[in-house]
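Fold and contact review
Next come the chains, spelled out residue by residue.
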Amino acid sequence: MGCAEGKKFDLVGIEDRYMETTLDENGILKTISYKNDENFNFAYDVVDVMAKKCPDKLAMLHISRDGRERRFSFRDMAKYSNMAANYFSYLGIRKGDKVMLVLKRHFQFWFSLLALHKIGAIAIPATNLLTKKDFEYRFKAGDVDAIVCTADGDVSREVDKAAHTNSKLKTKIMVGGARESWHCFNKDIRYFSANFSRPENAPGGDDTMLMFFTSGTTSYPKITTHNYRYPLGHYVTAKYWHQVDPDGIHFAISDTGWGKALWGKIYGQWLCEAPVFTYDFDDFDAKEILQMIEKYHITTFCAPPTVYRVMVHLKLENYDLSSLQNVTTAGEALNPKIFEKFKDKTGFDIMEGFGQTETTMLIGNIKGMVPRPGSMGKPNPLYDISVMRPDGTMADPGEEGEIVVGTADGTPNGLFTGYFSDEDKTSSVWYDDYYHTGDTAFMDEDGYLWYVGRVDDVIKSAGYRIGPFEIENEIMKLPYVLECAVTSVPDRLRGQAIKATIVLAEGEEGDEHMKNDIVKYLKKNIASYKWPKIVDFAKELPKTISGKVRRAEIKKNDWAAGQEDVPTVATEEQPDEPESSSGDTDET
């Protein structure tokens, strides 16, 4: 499987060339710093170097929707990215142009992304679920020059509708099909050279490489910008969190339309010389994913909590998962009950990590650590992480506050450079030498961080500050609950009251009797000021295109309905005043 069968590969010499690391007495990553990264360009300095030194080593195993297997070596990746770079250049795409990639999990995404890195054009990954209105906003806000788009479904038609109102979009390229006014990637690329030399003025270092639209959980998506050092920030992601094996294969459940794909499908993995596995599915099927792990001997696996929530309801003993070495999760906080159920069934600890579109992994359970169910882990040594009170001082252990990243000593590789064309938004979250994540947590005495919620998700009821995640964790312990979201509703007495929106497991039906059972269970297990006033059942929770629960949408609908229209659960024991509990009140 590469240049030297059965041996680990250190052909790029990435640690020696670009970074320095130290481990503590327990072998856990202690520090990481970077060097010689002024002109770093992942496409040239990793992919092309690997193609020369270890040309036949597997870079990606790709499985199409119809089950066709394709094995791409690093030589293949260098070759086809060169052809794509020549093709894009022929079509007029230049350094600094902004190119949207709407390619699902098609293997052409990797060719296109690397080609844009080589040219110096700015890649903007996007999901195929966007509609005309979404594209209109993104084309204008992102100043988009070109688009490379899947032929699947109606997405190209939505692009055409949006393009009528955008004169700047000059080039449209289709993958997997052909339509009038579109260039055909699959047919055209065959005519272009596989040679593309690195020019003297090649992009790298501080040049802008990527733009991501955020999930937009509370407003229109912002546009984060990342420079060419961003991939280096994912070295910790892959080596110490995913714990990828150069002789194994890493499988991340993610669509190329959102940032998590670049956490798990290219940068960190190839920095560590580990192959990636890509299954180009349309509809998620947990059983199918488990079959893939079994058939292709997946060694490391990463998925959002939603996937594990489904898996723990399956008979996992029916699948051979013996090839797995490590499993990880990110995207949302992982409920401790899911952690415990998965471990009971498989023996694996799910190593949780936390980060944002604006960052790489900020906090995680990395190699050598013993995870604590419900904790995000400890700060990534790459970042200066603190928990800050609203007044700008640092919180004590056990005290809730906002997760912030210190930048007084410089901007770490992986942290975004700002929001595109929006200095006001940038300065609203990045000031006084700190980037403010907008996420709240507390740090325990041992340095583990515990997620509370988004700043906007925190519920203020009768003087108490209540994080939704703690209540959600308790509800998730009920065997018939698949997912839940806790939000606020208007309340005349308290200002805000608590609502739990619950999705039941398959085959379960919610009724008043079940609501009362849930309320009785919560009364026995959480403090009275955290009791939901409302329990509601839903077929599904509103989610962003990246799969995160949109609590803001639930909250917005309830607050728009007003106090009179919000139904309540009958609970004669619900107190009018919360019980006293030291440390939980907000007196400001």
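Being a predicted model, the structure only gives us computed values, none of them experimental.

1. What to know about the sheet that holds strand β28 (residues 495–504)
Spatially, the 3 strands line up as an open sheet ordered β27-β28-β29, and their pairing is mixed. Edge positions in the sheet fall to β27 (481–491) and β29 (534–537), since each has one partner strand and no second. Mean inter-strand twist for the sheet, computed between neighbouring axes without regard to direction, equals 25°. Pairing between β28 and β29: 4 bridges, direction parallel. Bridge assignment links Ala500 to a residue of β29, and that residue is Val535. Packing of helix α17 (residues 551–561) onto the sheet brings it into contact with β27 and β28, and relative to β27 it is tilted by some 40°.

2. Thoughts on the confidence of the model for the protein
A low pLDDT score tells you not to read the predicted coordinates there in detail. In this model, the protein carries an average pLDDT of 89, and 91% of its residues clear a pLDDT of 70 or more. Scored below 50 in pLDDT, residues 5–11 shows 20 contacts in the model against residues more than four places distant or in partner chains. This model gives residues 570–588 a pLDDT under 50, and the stretch forms 33 contacts once residues within four places in sequence are excluded.

3. A closer look at the pattern of salt bridges
Pairing between side chains of opposite charge can happen when the charged atoms of each approach one another. Inspection of the entire model under this criterion finds 36 salt bridges. A salt bridge links Asp145 to Lys168, with the shortest nitrogen-to-oxygen separation between them at 2.3 Å. With Asp145 in the loop between α5 (132–141) and β7 (146–150) and Lys168 in the loop between α6 (155–163) and β8 (171–175), the pair connects residues that are 23 residues apart, well separated along the chain. Here Asp145 falls in the buried class, since its relative accessible area comes to 6%. Between Glu512 and Lys515 there is a salt bridge, and its shortest N-O distance comes to 3.5 Å. Of the two residues, Glu512 and Lys515 are both situated in helix α16 (residues 512–525); the distance of 3 residues between them amounts to about one turn of the helix.

4. Quick word on the packing of helix α3 (residues 74–90) against helix α4 (residues 108–119)
One can describe the packing of α3 onto α4 by two numbers: an axis separation of 8 Å at closest approach and a directional angle of 65°. Of the two elements, α3 crosses α4, and the hand of that crossing is right-handed. Seen from α3, the contacting residues are Met77, Ala78, Tyr80, Ser81, Asn82, Ala84, Ala85, Phe88 and Ser89; seen from α4, they are Trp110, Phe111, Ser112, Leu114, Ala115, Leu116, Lys118 and Ile119. Taken together, the residues of the contact of α3 with α4 sort by class into 12 nonpolar, 4 polar and 1 charged.

5. So, the nonpolar core
If you look at the biggest cluster of nonpolar residues, it comprises 100 residues, and the most contacted ones within it are Phe42, Met77, Phe88 and Trp270. The greatest single-element share of this core, amounting to 8 residues, is contributed by α4.

6. Focus: the side chain of Thr256
With respect to the helices and strands, Thr256 occurs in the loop between β12 (250–252) and α9 (260–264). Only 2.2 Å separates the side chain of Thr256 from the backbone oxygen of Lys104, close enough to count as a polar contact. Sequence-distant contacts of Thr256, that is, excluding residues within four places in its chain, are made with Leu103, Lys104, Arg105, Phe109, Trp110, Pro125 and Ala261.

7. Considering the packing of aromatic side chains
Think of a pair of aromatic rings as described by two things: how far the centres are apart, and how the planes are tilted against each other in angle. According to the stated counting rule, one finds 32 aromatic pairs in the structure shown. Where Phe109 meets Trp110, the ring centres are 5.3 Å apart and the plane angle is 85°; that geometry is what we call edge-to-face. For the residue pair Phe109 and Trp110, the accessibility class agrees, reading buried in each case. Both rings, one in Phe442 and one in Trp450, keep their centres 6.2 Å apart while their planes meet at 10°; by these two values the pair is stacked. Put simply, the rings of Phe42, Phe74, Phe212, Tyr230, Tyr267 and Trp270 pair up and form one aromatic cluster.

8. Remarks on the packing of helix α2 (residues 42–53) against α4
Closest axis-to-axis distance for the α2/α4 pair is 8 Å, and the angle between their directions is 125°. Comparing the axis directions of α2 and α4 gives the class oblique. Between α2 and α4, the residues in contact are Phe42, Ala43, Tyr44, Val47 and Asp48 and Leu114, His117 and Lys118, respectively.

9. Some thoughts on the environment of Ile475
The residue Ile475 is located in helix α15 (residues 468–475) in this model. Here the alpha-carbon distance between Ile475 and Ile122, two residues 353 residues apart in the chain, equals 43 Å.

10. A few points about helix α11 (residues 286–295)
Taken as a whole, α11 has its buried residues at Ala286, Ile289, Leu290, Met292 and Ile293. Buried residues of α11, viewed axially, fall in a sector of 155°; they line one side. Where the residues of α11 are buried, they touch β3 (58–63), β12, β13 (276–279), β14 (300–302) and α12 (305–311). For α11, the N-terminal capping position is held by Asp285, with its side-chain oxygen 2.9 Å away from the main-chain nitrogen of Lys287. Once α11 ends, the next one or two residues include His297, with phi positive near 55°.

Calculation rules
- Along every chain, residues carry numbers that run from 1 in the direction the sequence is written.
- Per-residue local features are limited, in this predicted model, to residues with pLDDT of at least 70; the limit for side-chain atom pairs, both in listing and counting, is 80 or more; totals at the level of whole chains, interfaces and linings are taken over all residues.
- For side-chain calculations, the full set of non-hydrogen atoms in the structure is used, while hydrogens and water are omitted.
- Strand pairing is defined by DSSP finding a minimum of two bridges between the two strands.
- Helix and strand assignments come from DSSP, with helices taken as H or I runs of at least 4 residues and strands as E runs of at least 2, each series counted from the N terminus.
- Convention adopted: a line fitted to C-alpha atoms gives each axis, helices being fitted over their contacting stretch, and angles between N-to-C directions are expressed from 0 to 180 degrees.
- Should any heavy atoms of two residues lie within 4.5 Å, those residues are counted as being in contact.
- The predictor attaches a confidence to each residue, and that confidence, scored 0 to 100, is pLDDT.
- By salt bridge we mean one thing: a side-chain nitrogen of Lys or Arg within 4 Å of a carboxyl oxygen of Asp or Glu.
- Burial classes: relative accessible area under 20% of the type maximum marks a residue as buried, over 50% as exposed, and values in between as partly exposed (1.4 Å probe, protein chains only).
- Definitions for this section: a left-handed crossing has its near helix turned counterclockwise from the far helix by less than a right angle. A right-handed crossing has that turn clockwise.
- Three categories are distinguished: nonpolar for Ala, Val, Leu, Ile, Met, Phe, Trp, Tyr, Cys and Pro, charged for Asp, Glu, Lys and Arg, and polar for the others, with Gly belonging to the last.
- Nine residue types can take part in a nonpolar core, namely buried Ala, Val, Leu, Ile, Met, Phe, Trp, Tyr and Cys, and a core is a set of them joined through side-chain atoms within 4.5 Å.
- Residues adjacent in sequence count toward polar contacts only when both atoms are side-chain atoms; beyond that, a polar contact is any pair of N or O atoms within 3.5 Å, and within protein one must be able to donate a hydrogen and the other to accept it.
- A pair of aromatic rings is counted whenever rings of Phe, Tyr or Trp (Trp by its six-membered ring) have centres within 6.5 Å, and the orientation is called stacked for planes under 30 degrees apart, edge-to-face for over 60 and tilted otherwise.
- Any angle that is under 35 degrees is reported as roughly parallel, and any over 145 degrees as roughly antiparallel; angles of 65 to 115 degrees are reported as roughly perpendicular and all others as oblique.
- What the arc covers is the set of directions going from the helix axis to the C-beta atoms.

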